[in-house]
Each structure stands twice: as C-alpha cells, then as structure tokens.
2 protein chains.
Amino acid sequence: MEFDLIELIRRRTAQPRDDVRLGIGDDAAVLAMPAGQELAVAIDTLVEGVHFPCGTAAADIGWKALAVNLSDLAAMGASPAWALLALTLPAADAAFVEGFADGFAQLAQPHRLALVGGDTTRGPLCISVAVHGFVPPAKALTRAGARVGDAVLVTGTLGDAAAGLHALQHPWRDDDPRSNLREFLIERLNRPVPRLAAGAALRGQASACADISDGLLADLGHICTASGVGAEIEAVLLPRSSALLDLHDDATALHFALSGGDDYELCFTVPAQRLADVQADLSRLGCGVTRIGRIVDGSGVRVRGSDGDWLNMDRSGWEHFA
Amino acid sequence: MEFDLIELIRRRTAQPRDDVRLGIGDDAAVLAMPAGQELAVAIDTLVEGVHFPCGTAAADIGWKALAVNLSDLAAMGASPAWALLALTLPAADAAFVEGFADGFAQLAQPHRLALVGGDTTRGPLCISVAVHGFVPPAKALTRAGARVGDAVLVTGTLGDAAAGLHALQHPWRDDDPRSNLREFLIERLNRPVPRLAAGAALRGQASACADISDGLLADLGHICTASGVGAEIEAVLLPRSSALLDLHDDATALHFALSGGDDYELCFTVPAQRLADVQADLSRLGCGVTRIGRIVDGSGVRVRGSDGDWLNMDRSGWEHFA
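No experiment lies behind these values; they were computed from the predicted model shown.

Undergrad: Lay out the sheet that holds strand 1 (residues 20-22) of chain A in plain terms, naming residues and giving numbers.
TA: Across the sheet, 6 strands lie side by side as 1(A)-2(A)-3(B)-6(B)-4(B)-5(B); this open sheet has mixed pairing. Of all the strands in the sheet, the pair left with one neighbour each is strand 1 of chain A together with strand 5 (114-122) of chain B. Ignoring which end each strand starts from, the neighbouring axes of this sheet average 20 degrees apart. The sheet contacts of helix 2 (residues 58-76) of chain B involve strand 1 and strand 2 (29-31) of chain A together with strand 3 (38-47), strand 4 (79-89) and strand 6 (126-135) of chain B, and relative to strand 6 of chain B the element is tilted by about 35 degrees. Contacts from helix 3 (residues 94-108) of chain B reach strand 4, strand 5 and strand 6 of chain B, with the element oriented near 165 degrees to strand 4 of chain B.

Undergrad: I'd love a proper account of the pattern of salt bridges, names of residues and values included.
TA: Residues and elements named next belong to chain B. In the structure shown here, the tally under the stated rule is 36 salt bridges over all chains. The salt bridge involving Glu265 is made with Arg188; its shortest N-O contact spans 3.2 Å. A residue pair is termed long-range when its members are at least 10 positions apart, and Glu265 in the loop between helix 9 (250-259) and strand 10 (266-270) and Arg188 in helix 5 (residues 179-190) qualify at 77 residues. With respect to burial, Glu265 and Arg188 carry one shared label: buried. The partner of Glu265 in a salt bridge is Arg195, and the shortest N-O contact between them spans 2.7 Å. On the criterion of sequence distance, the pair formed by Glu265 in the loop between helix 9 and strand 10 and Arg195 in the loop between helix 5 and helix 6 (196-202) is long-range, its members being 70 residues apart.

Undergrad: Go over the pairing of strand 7 (residues 151-155) of chain B, please, and point to the residues and values.
TA: Walk down a regular strand and you will see the side chains alternate between the two sheet faces. Residue and element names in this part refer to chain B. For strand 7, the buried fraction is high: 5 of the 5 residues fall into the buried class. With burial as the criterion, each face of strand 7 is covered, one bearing Ala151, Leu153 and Thr155 and the other bearing Val152 and Val154. Summarising the sheet, strand 7 and strand 10 pair through 4 bridges and their orientation is antiparallel. Paired with Val154 across the two strands is Cys267, which belongs to strand 10.

Undergrad: Residues and numbers for the relation of the copies chain A and chain B, please.
TA: Take chain A, turn it by 180 degrees, move it 0.0 Å along the axis, and it overlays chain B with an RMSD of 0.0 Å. On the angle and the small slide along the axis, the relation comes out as a two-fold axis.

Undergrad: Go over the side chain of Asp26 of chain B, please, and point to the residues and values.
TA: Of note, Asp26 of chain B is situated in the loop between strand 1 (20-22) and strand 2 (29-31). Ignoring anything within four residues of it in the chain, the contact list for Asp26 of chain B reads Met76, Thr142, Arg143 and Cys209 of chain A.

Undergrad: Give a detailed account of the packing of helix 2 of chain B against helix 3 of chain B, specifying residues and quantitative values.
TA: All names here are of chain B. Packing of helix 2 against helix 3 brings their axes to within 6 Å, and their N-to-C directions diverge by 40 degrees. The pairing of helix 2 with helix 3 is recorded here as oblique in orientation. Along this stretch, helix 2 crosses helix 3, giving a crossing that reads as right-handed. Only Phe96, Gly99, Phe100, Gly103, Phe104, Gln106, Leu107 and Ala108 of helix 3 make contact with helix 2, whose side of the interface consists of Ala58, Ala59, Ile61, Gly62, Trp63, Ala65, Leu66, Ala67 and Leu70. Among the residues forming the contact of helix 2 with helix 3, the class breakdown is 13 nonpolar, 4 polar and no charged.

Undergrad: Break down the interface of chain A and chain B for me, citing the residues and quoting the values.
TA: Contact with chain A, which involves 60 residues of that partner, is made by 60 residues of chain B. Carbon and sulfur atoms make up 62% of the surface buried where chain A meets chain B, a total of about 5000 Å² over both sides. The tally of links between chain A and chain B comes to 6 salt bridges. A salt bridge links Arg21 of chain A to Glu38 of chain B, with the shortest nitrogen-to-oxygen separation between them at 3.2 Å. Remark: the boundary between chain A and chain B carries 15 residue pairs in polar contact (both at pLDDT 80 or more). Here the side of chain A that touches chain B takes 9 residues from strand 3 (residues 38-47) of chain A, the largest share from any one element. Both strand 3 of chain A and strand 2 of chain B contribute to a ladder of 3 bridges, which runs antiparallel. By the bridge assignment for strand 2 of chain B, Ala40 of chain A is matched with Val30 of chain B.

The rules behind each value
- Residues numbered from 1 in each chain as written.
- Chains lettered and ligands numbered in written order.
- Predicted model: local features only at pLDDT ≥ 70, side-chain atom pairs only at ≥ 80, totals over all residues.
- Heavy atoms only, no water.
- Pairing = 2+ DSSP bridges.
- Helix = DSSP H or I, 4+ residues; strand = E, 2+ residues; numbered from the N terminus.
- Axes fitted to C-alpha atoms, helices over the stretch in contact; angles between N-to-C directions.
- Contact = heavy atoms within 4.5 Å.
- Salt bridge = Lys/Arg side-chain N within 4 Å of Asp/Glu carboxyl O.
- Buried < 20%, exposed > 50% of the residue type's maximum accessible area, 1.4 Å probe, protein only.
- Least-squares fit on C-alpha atoms with pLDDT ≥ 70 in both.
- Parallel < 35°, antiparallel > 145°, perpendicular 65-115°, else oblique.
- Left-handed = near helix turned anticlockwise from the far one by under 90°.
- Nonpolar A, V, L, I, M, F, W, Y, C, P; charged D, E, K, R; others polar.
- Buried area = accessible area lost by both parts, 1.4 Å probe.
- Polar contact = N/O pair within 3.5 Å; in protein donor to acceptor, adjacent residues only side chain to side chain.

Below, the structure written as structure tokens:
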C-alpha cells in the first residue's frame, strides 16, 4: 500500500519540469541544476497537535506543509523548484492522502514546484517537506547582514495566525456577526501564503531577512544575533489586520503581533538610502510592507509602547521546547 | 531550546565542504553544485516501533537514519554530499541528541557528507533525512533497465537484519555460546552499511539497480515492474551468513533472505557479457557479490527451491501498510 499512496500523491501533484530527469518511483530522484545558480535547501516538519490542531482539514495540512518550507526559500530570496515529502500516517487513509495532495498541489502549481520524491510510513501523523530552490551565486539573503541604522520592515500583517488559533480554541456561535473575521484569521493560520515574490525582489536590496515562523520578536532576534546588532521596534507601527483589531483588545493584539508564530511574513532590514525604492518595489508586487523600527548598536530587540516607554518583556517568541 | 539542539547537532556533525556556501543556522542552506553533475535526492523516514524497536540506542538510530538514505544514493550510483535532518522528539533530551548526532556523524564523516540544515520539533520519535548526491549526467542507475537474459546479482548476504530483529524479540541468556552470532545479526540490523562504492562501480555496468530495504522479493519485484520483465531466482544461490544459517533452520533462513527487510544490500542486473568484469570489480572493492538468478520474459519474481520446484508464494516483501 505504501507504493499506492506515493502514486496517488504523484498523480495529484504532477508538475512537468525539464530539469527533473527522474521523478517519483525510483530509489532517488535525479535533477539537473541550471548553470549559474546556487541551490537553496530547507526542511521543516509539521506534527499534529503541535504545528496544527488535531482535526485540521487534510488539504490545509498539505498546503501548510509546503507553505512553511517555501517561506524559508522566500526568506533567502530563492525561487522554488523541487520538493521531497516524508509523510507519516497512522493508517493508509486514501481520503486523507487525496486531500493532503490536493492542498499541496494548490500551492505547488502556481510556483511550478515539482514533487520529485517521498516516503510514506506508518506512525503518528507527522509531515516533513524538503524544498529546493535556485538563487544567483552569492545573492542569497541571510540573517547576518543587518547594520546599525538600517530600517526594519515586515510584509503583510502580524498576529493573524495566533488570533486564528485562538479562534479555533474558542468556538463561536454560527450567528455571530463576526464569524467572517474569525474565518479570515483561521485561513491565515491554515493557508499561509509564502512571500516568494517579495523575497526575490529583496535580493540585492535587503541587508538581512528572515521569515516570521516563531513570532516577530524571536525571528527579528535571530537577525540581531546573526548580525551582531540590536533592534528597536515601535508598537504603534506594527501592521495589524482589522480582523485582529476588531476581535481583540489592544494588549492582546500587540501580544499576538509580537510573539504569535505561524505568520510566515518576511522580516527584513534595509539601508536607509534604499528604503523608498524597496517599499515601492514591494508595493508594485501587491505586497504590503511596513517599516516598524530600526537597527541599533547592542543586542536583542526592544519594543517601545504607544506611551513612549519600553515594554517590559523578558522573552520572545514561541519555541517548541520552551 | 530548539536552536540549542540544532547547534548541538551541528557541532557534532561538522564537516567542512567548500560547496556549502551557507550551512545550518539560517532559513535555508545554500549549496554550490559542481559543474557537469546531476543531483540525486532521496528522503526516508524512521519511526520508532516501526523502523526500529523501542529502546534502540540513540547512536544506532542516528547511524541508521542516514544509512537508509545513503543506501538510496548507492542504488543510483550517486556520491553523497549533503543531508537535511528533520528530528521529532518527545522531549528536548540532550543525551539522546548527542548519541544520535554521534552515530550520524560516524557514518557521515568517511563519506565527507555535510549536514547542512534541519528542523527539530516536539512529537513522537520520528526522523526524516533527505540526502543529496552527485551523479554524472544520464549515468544514474535506475530500476528500469533490466533486459531478458541479464543476470540478477546481490551484494553481501541477505536476511541478516530480519534475523537480527528476531534475536532482539527473543532474548537469550548471557552465557549462550551463540551470543556473538546474535550480536552480529543485531549489528547488521542497527548499523547497515550502505553500498556506496559498489553502486558507484556499477554505473555504466548494471542495467538496473535497487537497494534491498523491503526484502529481496519486493525490491527485485520493483525492478521487474519498472523494466517490464520477470525474474527467476535460485534459492540455493542466495548468499546467507553463517550466523543466519547457524541460528535458523533452512526454511526460516530462506524466508528471511527472501522477504526480510532492512538489509540495504544492492540488487542489480547485468548483461551476460559484462558479468565477469562486474564481479571482479566489486570483489576488488571488498564487496561480496553473488549471482542469484536471471531476468526472463513475463512479470514478477519466481523462486526455485533446492528440490528444483518453484516455491509457492503469493506475496513478497514487507510493506509498511500491508
């Protein structure tokens, strides 16, 4: 049955690419690298009950398993090409696999990403996806290039996914007039859209970049650590959706925006002289972009509240083993 | 804590390679492909209680998680270069991670394989490794090239890993004079040695190749299906270790050799005119090699018993969802 599951996934994710010399069905896939490119590779795992709530729709899981990995490529400024899938399932559940493959394919197709190999095994529900993308030599965005004086920016809005998880954990009545807001937030949790076009546009422009998977404070903290700098953020500048602000008081919305995981927006730094150009470039792509603070001497991330005082907080984003 | 685990693994698996432009510690690794090579990629998962018994030593799990993947590269004739690790653990257990990383590194180091990225998550013990290797253009071994009249060969001995699992499931007394035989078989289960040198030597020589992960009948069956041929195997020719034959009656030893999983030997086919050269080449590498049968018209795998009659068997190797 293992092989039937792989074949089922293969059929639903078929994506012809000339550079796939040998795809699913042998001991390994064989791929041709384009000349003059480097290979960006990442792997991320989703575990039921940890990275998505039990009961999440199979198609949402399939989408998200790929999205969180494509978000890593976006953060490097890489263009996606190929993926491997390691799918561990409690039982050979064809309906689950069909839904999973459909969600995966919905995200893969517009990016012409080909699923080239995989492994299905029996065990507690757990999905690892490895993705491969191309980036011009020495042009990959990293976490390490932020300099004092650079502006700190983020794409999109922050805190929506955390508010989506909150909504799932606090069911509401069907006739609640704000159902649509909750559904928007749950969609943000279950169907994150990796910022691939924005990441590619930031190559050669941003001095450092990371995706926001563990929360803004944690991921901006990674940029600060890797770059040997600190950052100062203005709470009033944090972009928050009207759904988030309508459903939560200001303190909760701020908490979600600073520490909520799973947003998969990009956080990046830009030298002052390029700021206007970068903002214009991303806006042309239809990607919301907001300056939220600046890089400073020192270490760590500080947040100034709307009253002008620094917020008192010891610890940052969500860590799985925290 | 997630980041400390990755750092711990990084330190214990450090492997300098010029082609790793950016290793563990950013959103993705960045790698430089050598010119004139294709990329072979595979992913395999080990789940506790399915792919290794509960209580297996961490170092053995680390070794095996890499070995089963390198075996896929061996089956393609590819040379290993880079790996990604997705490690899901019930708790942040530094002792386990240290042991795991040591076992992983013991196998990685002689092959100059670099761990370039990973993800550690909380959940039931489950390990996915993705490996990347190089193979000259259009030279990858596949399952699809076997032709009628080709000889069928295997490396090493078959059935040891299944007998090792049997030994673990049937504990013996410390003063049993055959303890060393059981330990040999358990070592074969826990520390499979991927046949990388043999696989590389078979490029341009073998007409088809697969590694024996699911058992000889299943994996040779994959070659037959992919090649559109059948195979006939002689039971008396199957290479079996003296440990296997000393501890088990002939019927059990045959069953393990035909259907036992986890041997990670190579099964391959060779045109008759190249047979002697291939056997000599592999012997020079110190790799045992045995002709066990031939490719015939038709489909499926038949086995002739020592009495000259075909064995009666409906179904083949071990499948996880069988």
